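# Examination of the molecular architecture
Listed below, chain by chain, are the residues.
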Amino acid sequence: MLEILKREIYALAHEPLMWFCMIVAPLFCVVLFTSMMEEGLPENLPLGVVDLDNSSTSRSLQRNLDAFQMVNITESYTDVREARKAMQRGDIYGFYYIPKGLQRKANRQEQPTVSFYMNYSFIVAGSLLYKDQRTMSELASGAAIRTALFARGATNNQALAYIQPIVVESHPIGNPWLNYNIYLSNTLLPGMLMLFIFMVTVYSFSMEQKRGTADELLRMAGGNMFRAVSAKMFVHFLVWFTVGTIMVVWFYEILLFPCHCGMPVMWAAMLLLILASQAMGVFMFSALPTPRMALSFASLWGVLSFSICGMSFPLMAQPAPLQAMAWFFPLRHYFLLYVNCALDGYPMLNAWPHVVCLLLFVVLAILLTPRLKYALQHYAYEA
Amino acid sequence: MLTKLNIIFCSMLRVLGRDKGVLIFCILLPLGYPLLYTWLYSNETVREVPTVVVDQCNTALSREYIRKVDASPDVRIVAHAQDINGGQDFIRRREAYGVIAIPRNFERDILRGQQSSVRVFVDMSGMLYYKSILTSATNVSLEMNAKIKASTRAIKYEDVSLYNPSNGFAGFLIPAVLVLILQQTLILGIGLARGTERELKQFTGFQQILNVSDSQRVTLATTGAFLLLYIPITIYVLGIVPKMFSLNTIGNFWELWVFMLPYLLACIFFGLSIGSLCRQRESIILLAVFTSIPFLFLSGVSWPGSNLPPFWKNFSAVIPSTYGITGYIKLNSMGAHLPEVWTEWRNLWIQAGGWFLLAYFSVIRQLWPESFHEKPTDEQQEITNNSK
């Protein structure tokens, strides 16, 4: 047993690719994503304005709109064509169009229309703008009325109640800042780790086959495949768990992402994800014991995990067959555990089926060890 | 000169054609992945998000509010709860993703001319739940506000969403994924081929006649072979797939090609350079697959490019997909013309030039006499024999 451990440590340490995939790249991704979205919620998105009216009303309207934190009116254009070109160049994400005669019509109670054109091919920017857009416009248009109401001696509260009788007060549970870093990094980065685990696990068995060292491995384990696999995976596990620990500490102790359940619970969830991913990697090679096929399987499953786990596009909106398939993706279970424990603050017991599922991956891999043994003994490497 | 180039080119095509790995990564993958992804996001947006209502007011006005929210396409009221805690129990069991709570004095306050707030609690496991529930609640209150005030607003507002009519997920993510697939599969295919060459210490079986003076020809032949392979693939991925799923395609075909040419070249040279790092066939899969996710984010499609920290902005400038994706979205989804994508187009040519130099250098290094006559190690010899 000890011999296998030493052999595996030697194999990993002497391959630069393994250093890269197990330590350098996962930690690089952690730094990349968390620093890229450090701002949390994008602010001051560049917007344009086409003001054909050029009156005191239209200018005060512009000032009101510019005052919102999310947007920043950077440019004004003389006509719509110019604004559209700027949008197509990517200078702005949207623009206001204030038609000619706004002030005149507003004074005559003819209800002029101000339009907001928004580019939805970059959805996050578009959605963020939309979030307050409706209220924004309501308040901005209310500003004119408010002045009139104040003049008639209304109090601020009365004026507000007149302009906006019903207000919607939003309470985003667990992430009140709508912080994108919290929203994405919490699942995306463990997902990256999972992808690396799939790849490295499959790769390491592929290399045994390619270099014809599988027999040696089996001999060292006294012919016991289960012992050989667990020893090999234990060495990997130590590295993965260290990286996973750094990730958890980085999220919940340094960046202080919300974690209602406390760091140790998420640490346990990370442990489960690592075990399940390693098991899934073993399963992949057992099921398709050629490097080409097994690595393709790992790539497909790994990359698909990010979509199917439902973190960005809800699973309930995906086609039914995929909804059923989601049970076979470790990241889906990890994501739900994270939502349950860290974000919403319920005990892990509340989401016990997902804990069981993650453990079932391990059982699945163990059940397939005879198949793996057969494959390593009988399948020759094929380029 | 030309005949030798011809021989190298043809033999390269033969070797690529026989390689099952190249078949998977450069043909099956670009054929299959776009279909899978477009299918996955075919619903575009999430409708009828299950929501619980806590109506503490229970009057005609509050019931009207609830009825209107339920009637909106994005939200479905699945239950009524006594209080907020009861409502959150549904979230705990994941039977609902939001709670809309109407206060006890809702109607009374409004009739007295006071402001009243409707509280909306949303599960933040997905931004789309938040967007659906909040948008519906806001729209209903704006609609009712207009009625309560019974006076016209001074100025009317309208929102026009451009370039993604359904405001959907597929309309925004798929074009980016399609362009990214071209780059990633090229890197995988080229890396696979180069790793194999290095493993077998031969250039497409022609090691006897190739020497360092053939570097130009080898670079040219590889570029030509992959370009040839990727012309039909690009037509399929960028031309046919969006049509099949009726995504936006308002770009001009020829303008798209003028734009895609430097993109494909930059990707090929990028792939050749990265491929030179591969000691084995399989290495490239480990090196390239994971990069899809960071590359996608660095292109500014999800996190707005205008808010990317300067360091990462500069970092992303060396990756072809950064400009390929934005340029393609502008041309094809937003109907821009070449002058509007001039920056991207120019940057792609600069990238192609830079990566070409690196790629060329790496080919020279590979053909350099010392490494050339280096005897394969026993291990490699064994593998060569095994694979034959």
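Computed from a predicted model, the values in this text were never measured in an experiment.

The rules we used
- Residues numbered from 1 in each chain as written.
- Chains lettered and ligands numbered in written order.
- Predicted model: local features only at pLDDT ≥ 70, side-chain atom pairs only at ≥ 80, totals over all residues.
- Heavy atoms only, no water.
- Axes fitted to C-alpha atoms, helices over the stretch in contact; angles between N-to-C directions.
- Helix = DSSP H or I, 4+ residues; strand = E, 2+ residues; numbered from the N terminus.
- Parallel < 35°, antiparallel > 145°, perpendicular 65-115°, else oblique.
- Left-handed = near helix turned anticlockwise from the far one by under 90°.
- Contact = heavy atoms within 4.5 Å.
- Nonpolar A, V, L, I, M, F, W, Y, C, P; charged D, E, K, R; others polar.
- Phe/Tyr/Trp six-rings, centres within 6.5 Å; stacked < 30°, edge-to-face > 60°.
- Lys NZ or Arg CZ within 6 Å of the ring centre and 35° of its normal.
- Salt bridge = Lys/Arg side-chain N within 4 Å of Asp/Glu carboxyl O.
- Buried < 20%, exposed > 50% of the residue type's maximum accessible area, 1.4 Å probe, protein only.
- Pairing = 2+ DSSP bridges.
- Domains from an automatic or database assignment.
- Arc of directions from axis to C-beta.
- Buried area = accessible area lost by both parts, 1.4 Å probe.
- Polar contact = N/O pair within 3.5 Å; in protein donor to acceptor, adjacent residues only side chain to side chain.
- Expected span 1.5 Å × (residues − 1).
- Bend = angle between axes of the 7 residues up to and from the residue.
- Core = buried A, V, L, I, M, F, W, Y, C linked by side-chain atoms within 4.5 Å.
- Disulfide = S-S within 2.5 Å.

## With respect to the packing of helix 2 (residues 16–36) of chain A against helix 10 (residues 225–254) of chain A
Residue and element names in this part refer to chain A. Taken N-terminus to C-terminus, the directions of helix 2 and helix 10 make an angle of 15°; their axes are 10 Å apart at the nearest point. Between helix 2 and helix 10, the interaxial angle falls into the category roughly parallel. As for the relative orientation of helix 2 and helix 10, their crossing is right-handed in sense. On helix 10, the residues touching Cys-21, Met-22, Ile-23, Pro-26, Leu-27, Val-30 and Thr-34 of helix 2 are His-236, Val-239, Trp-240, Val-243, Ile-246, Met-247, Trp-250 and Phe-251. The residue makeup of the contact of helix 2 with helix 10, split by class, is 13 nonpolar, 2 polar and no charged.

## Some words on the packing of aromatic side chains
Tallied over the full model, the rule gives 31 aromatic pairs over all chains. Within the aromatic cluster, the residues linked to one another by ring pairs are Phe-28 of chain A together with Phe-311, Trp-312 and Phe-315 of chain B. Across from the ring centre of Phe-205 of chain A, 5.5 Å away, lies the NZ or CZ of Lys-232 of chain A, which sits over that ring. A cation over a ring is seen here: Arg-93 of chain B above Phe-90 of chain B, with NZ or CZ 5.1 Å from the ring centre.

## Looking at the pattern of salt bridges
Per the counting criterion, the structure on display carries 18 salt bridges over all chains. A salt bridge links Glu-208 of chain A to Lys-232 of chain A; the nearest nitrogen and oxygen atoms lie 2.8 Å apart. Taken together, the positions of Glu-208 of chain A in helix 8 (residues 180–210) and Lys-232 of chain A in helix 10 put the pair 24 residues apart, joining distant regions of the chain. For the pair shown, Glu-208 of chain A and Lys-232 of chain A are each scored as buried. Measuring nitrogen to oxygen at the nearest pair gives 2.7 Å for the salt bridge that ties Lys-330 of chain B to Glu-344 of chain B.

## A few points about the sheet that holds strand 3 (residues 94–98) of chain A
What the 5 strands build is an open sheet, ordered 2(A)-1(A)-3(A)-4(A)-5(B); its pairing is mixed. Looking at which strands have only one partner, the edges of the open sheet turn out to be strand 2 (71–77) of chain A together with strand 5 (156–162) of chain B. Each adjacent strand pair in this sheet contributes to an overall mean axis angle of 25°, direction not counted. Alignment of strand 1 (residues 45–51) of chain A against strand 3 of chain A, held across 4 bridges, turns out to be parallel. Considered in strand 3 of chain A, the bridge of Asp-51 of chain A is made with Ile-98 of chain A. Those strands touched by helix 3 (residues 56–66) of chain A are strand 1, strand 2, strand 3 and strand 4 (113–119) of chain A together with strand 5 of chain B, and its axis lies near 145° from that of strand 2 of chain A. Docked against the sheet, helix 4 (residues 80–89) of chain A engages strand 1, strand 2, strand 3 and strand 4 of chain A together with strand 5 of chain B, running at close to 170° with respect to strand 3 of chain A.

## Details of the domain arrangement of chain B
Each assigned domain of chain B is listed here: domain 1 (2–41 + 168–383) and domain 2 (49–149). Just the C-alpha atoms count here: the centres of domain 1 of chain B and domain 2 of chain B sit 50 Å apart.

## Things to note about helix 4 (residues 84–92) of chain B
When we look at burial in helix 4 of chain B, the residues that qualify are Ile-84, Gly-87, Phe-90 and Ile-91 of chain B. The arc enclosing the buried residues of helix 4 of chain B, seen along the axis, measures out at 110°, which places them on a common side. The inward-facing, buried residues of helix 4 of chain B contact strand 5 (166–173) of chain A together with strand 1 (49–55), strand 2 (75–80), strand 3 (98–102) and strand 4 (116–123) of chain B. Arg-94 of chain B, located one to two residues past helix 4 of chain B, shows a positive phi value of around 55°.

## Section: the interface of chain A and chain B
Contacts between chain A and chain B engage 120 residues on the former and 114 residues on the latter. Taken over both partners, the interface formed by chain A and chain B buries close to 10,900 Å², and the fraction arising from carbon and sulfur atoms is 67%. Linking chain A with chain B are 3 salt bridges. In this structure, the salt-bridge partner of Lys-85 of chain A is Glu-340 of chain B, at a minimum N-O distance of 3.5 Å. At the surface where chain A touches chain B, the tally comes to 24 residue pairs in polar contact (both at pLDDT 80 or more). Classifying every residue of the side of chain A that touches chain B by side-chain character gives 79 nonpolar, 26 polar and 15 charged.

## Comments concerning the packing of helix 8 of chain A against helix 14 (residues 330–343) of chain A
Residue and element names in this part refer to chain A. Contact geometry for helix 8 and helix 14: axes closest at 10 Å, N-to-C directions at 150°. By the angle between their axes, helix 8 is roughly antiparallel relative to helix 14. Of the two elements, helix 8 crosses helix 14, and the hand of that crossing is right-handed. Residues Ile-182, Asn-186, Thr-187, Pro-190, Gly-191, Met-194 and Phe-198 of helix 8 form the contact with helix 14, whose participating residues are Pro-330, Leu-331, Tyr-334, Phe-335 and Tyr-338. In terms of residue class, the contact of helix 8 with helix 14 is built from 9 nonpolar, 3 polar and no charged.

## Quick notes on unusual backbone geometry
All names here are of chain A. Not every positive phi belongs to a glycine, and Asn-54 is a case in point at roughly 55°. Unusually for a residue other than glycine, Leu-256 sits at a positive phi of about 55°. Here Leu-256 is to be found in the loop between helix 10 and helix 11 (263–287).

## Here's the deal with helix 8 of chain A
Residue and element names in this part refer to chain A. Its 31 residues give helix 8 an end-to-end C-alpha distance of 43 Å, which sits within 8% of 45 Å, the value for a rise of 1.5 Å per residue. A maximum bend of about 25° is found in helix 8 at Asn-186, where proline Pro-190 lies one to four positions downstream. In terms of burial, helix 8 is a largely internal element, 31 of the 31 residues being buried.

## Concerning the nonpolar core
Core analysis: the biggest nonpolar cluster contains 235 residues, and Phe-33, Met-36 and Tyr-338 of chain A together with Tyr-41, Tyr-65, Phe-106 and Leu-286 of chain B have the highest contact counts within it. Looking at this core, the element that brings in the most residues is helix 8 of chain A, giving 19 residues. Contacts of Phe-33 of chain A, omitting those with residues within four sequence positions, involve Asn-181, Ser-185, Leu-188 and Leu-189 of chain A together with Ile-293, Pro-294 and Phe-297 of chain B. In this structure, Ala-79, Ala-81, Ala-96 and Val-99 of chain B belong to the second largest nonpolar core, which totals 12 residues.

## Some words on the state of the cysteines
Taken as a whole and assessed by the stated rule, the structure comprises 0 disulfides over all chains. For the unlinked cysteine Cys-357 of chain A, the closest cysteine sulfur is that of Cys-341 of chain A, found at 15 Å. Lacking any disulfide linkage, Cys-10 of chain B is separated from the closest cysteine sulfur, that of Cys-26 of chain B, by 19 Å. Overall, the relative accessible area of 37% leaves Cys-10 of chain B in the partly exposed class.

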